[in-house]
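This is what each chain is made of:
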Amino acid sequence: MGHDSRMSRLERLTVGDGIAAANARWTFGEQVARTFSDHVSKSVPLYAEGHDLVCALSDFFVQDSSVCYELGSSTGVLSGKLAGRHAATKARFVGIEIIPEMIAQAELECGALPNLEFVQDDINLHPYEHTDLFVSFCTIQFVPPHLRQTLFNRLYQHLRLGGALLIYEKVRAPDARFQDYMSSVYTDLKLERGYSADEIIAKVRSLKRVQEPFSTQGYLDLFERAGFVDVMSVIKWVCFEGFLAIK
C-alpha cells in the first residue's frame, strides 16, 4: 500500500503542451522550456494583453541610462519585446532566470539583440544595479512566501526615484465563496482552450507548495511594507492581476 501510494505521487502525468509533472513536483527545468512559451500563453489569461500593457507602460520609465530587469524571464518573450521596443535608446535589458534550460530557450527565441542579455541567477540574490524599471510576469507566485518581503524591499531600494515595479501575478480571492467562483471560471477557460480535465487536475496537483498566490491585499501589503506609496491595479482577469508601483 505504501509503495503504491509513493509511486502514484511520483508518477508524471501530462499537464498539456507536451509537459509532464508529478504531484507537488512542478519544475521549470528539464524539457519544460521547449514548449513553455506556448503553454504559458494558453494557460495564463490576458497573457498577450499583459505583455502589451507592460511594454506600453515601460515608455514612462525607460531612459537612455536605464538598466531594466525582468525577474524570472523564462523563455525571454517579454524581455525581447521590451528590448525591441526601446532599441533606439541606450537602455539595457537584463532577464534574470535561474533555470539554464530556460535561458538557452530564451536565446533561441529572442535571437541576438544587442541591448538584451540573460543572466542565470536567483532573483532573490542578484546584485542589481540601480534601475528605472523592474518587471515580473507570473514569477512572484513561485517565490517562497517567506522570501517575498525581503525581495520587495531589495527591489524598492534598487529603484531610482520615479522608477517602477510592474508585476502580473495569479491572485487568491478574499474569501472561500469568491475563491470557488474564480477557480471554476479559470477551469472553464482552460477547458475552452483545449486542455483536458485530466491535464488540468494534473497541473493543479503538480503545483502544490510550488505555486503560492497571495490575495490582492497580500500583494498590496508587500508593496506598502517595502516603502511604496503610489500603487495601482492596472489589469485584472478574475484570478490574475497586474500592479504598477512607483517609487
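For the structure itself, look to the data block above.
Residues numbered from 1 in each chain as written. Predicted model: local features only at pLDDT ≥ 70, side-chain atom pairs only at ≥ 80, totals over all residues. Heavy atoms only, no water.

Novice: Can you walk me through the nonpolar core in this structure?
Specialist: One broad rule of soluble globular proteins: the nonpolar side chains tend to lie buried together. By size, the foremost hydrophobic cluster in this structure holds 46 residues, and its most contacted members are Trp26 and Phe93. When residues no more than four places from it in sequence are discounted, the contact partners of Trp26 are Val15, Ile19, Ala21, Val32, Phe36, His39, Lys203, Ser206, Leu207 and Val210. Judged by nonpolar contacts, the second largest core, of 24 residues, contains Phe152, Leu159, Ile167 and Ala245. (Core = buried A, V, L, I, M, F, W, Y, C linked by side-chain atoms within 4.5 Å. Buried < 20%, exposed > 50% of the residue type's maximum accessible area, 1.4 Å probe, protein only. Contact = heavy atoms within 4.5 Å.)

Novice: Help me understand the environment of Leu13 in this model?
Specialist: Tracing the backbone through its elements, the reader meets Leu13 in strand S1 (residues 13-16). Those residues in contact with Leu13, other than ones at most four positions away along the chain, are Ile19, Ala20, Ala21, Ala202 and Arg205. (Helix = DSSP H or I, 4+ residues; strand = E, 2+ residues; numbered from the N terminus.)

Novice: Just checking my understanding: could you explain the side chain of Ser43 for this structure?
Specialist: Within the element layout of this structure, Ser43 appears in helix H2 (residues 32-43). Within the structure, Ser43 has its side chain in polar contact with the backbone oxygen of His39 (distance 2.8 Å). Not counting the four nearest positions on each side in its chain, Ser43 is found in contact with Tyr186, Lys190, Tyr195 and Lys203. (Polar contact = N/O pair within 3.5 Å; in protein donor to acceptor, adjacent residues only side chain to side chain.)

Novice: What exactly am I supposed to notice about the packing of helix H6 (residues 145-158) against helix H9 (residues 216-226) here?
Specialist: A pair of packed helices is characterised by two quantities: the angle between their axes and the separation of those axes. Remark: H6 packs on H9, axes separated minimally by 8 Å, with the N-to-C direction vectors making an angle of 50°. Classified by the interaxial angle, the pair formed by H6 and H9 is oblique. Along this stretch, H6 crosses H9, giving a crossing that reads as right-handed. Of the residues in H9, those touching H6 at Arg148, Gln149, Phe152, Asn153 and Tyr156 are Tyr219, Asp221, Leu222, Phe223, Arg225 and Ala226. By residue class, the composition of the contact of H6 with H9 is 6 nonpolar, 2 polar and 3 charged. (Axes fitted to C-alpha atoms, helices over the stretch in contact; angles between N-to-C directions. Parallel < 35°, antiparallel > 145°, perpendicular 65-115°, else oblique. Left-handed = near helix turned anticlockwise from the far one by under 90°. Nonpolar A, V, L, I, M, F, W, Y, C, P; charged D, E, K, R; others polar.)

Novice: What is the right way to read unusual backbone geometry from this model?
Specialist: Excluding glycine, residues mostly have negative phi values, and the peptide bonds linking residues are mostly trans. With phi around 60°, Leu46 is a residue other than glycine that occupies positive phi space. The topology assignment puts Leu46 in the loop between H2 and helix H3 (47-58). Notably, Val238 is not glycine yet its phi reads approximately 50°, a positive angle. Given the relative accessible area of 28%, Val238 is considered partly exposed.

Novice: Please clarify how the packing of aromatic side chains should be interpreted in this entry.
Specialist: Here a ring pair, both rings aromatic, is described through the centre-centre distance and the interplanar angle of the planes. Under the defined criterion, the tally for this structure stands at 15 aromatic pairs. The interplanar angle of 65° and the centroid separation of 6.2 Å between the aromatic rings of Tyr186 and Trp237 together place this pair among those described as edge-to-face. Separated by 51 residues along the polypeptide, Tyr186 in helix H7 (residues 176-192) and Trp237 in strand S9 (residues 230-237) bring together distant segments of the chain. On the basis of an interplanar angle of 85° and a centroid distance of 5.7 Å, the ring pair of Phe223 and Phe228 is categorised as edge-to-face. One aromatic cluster is present, built from ring pairs that chain together Phe152, Tyr156, Phe214, Tyr219, Phe223, Phe228 and Phe243. The aromatic ring of Tyr195 is capped on one face by Lys42, whose charged end is 4.4 Å from the ring centroid. (Phe/Tyr/Trp six-rings, centres within 6.5 Å; stacked < 30°, edge-to-face > 60°. Lys NZ or Arg CZ within 6 Å of the ring centre and 35° of its normal.)

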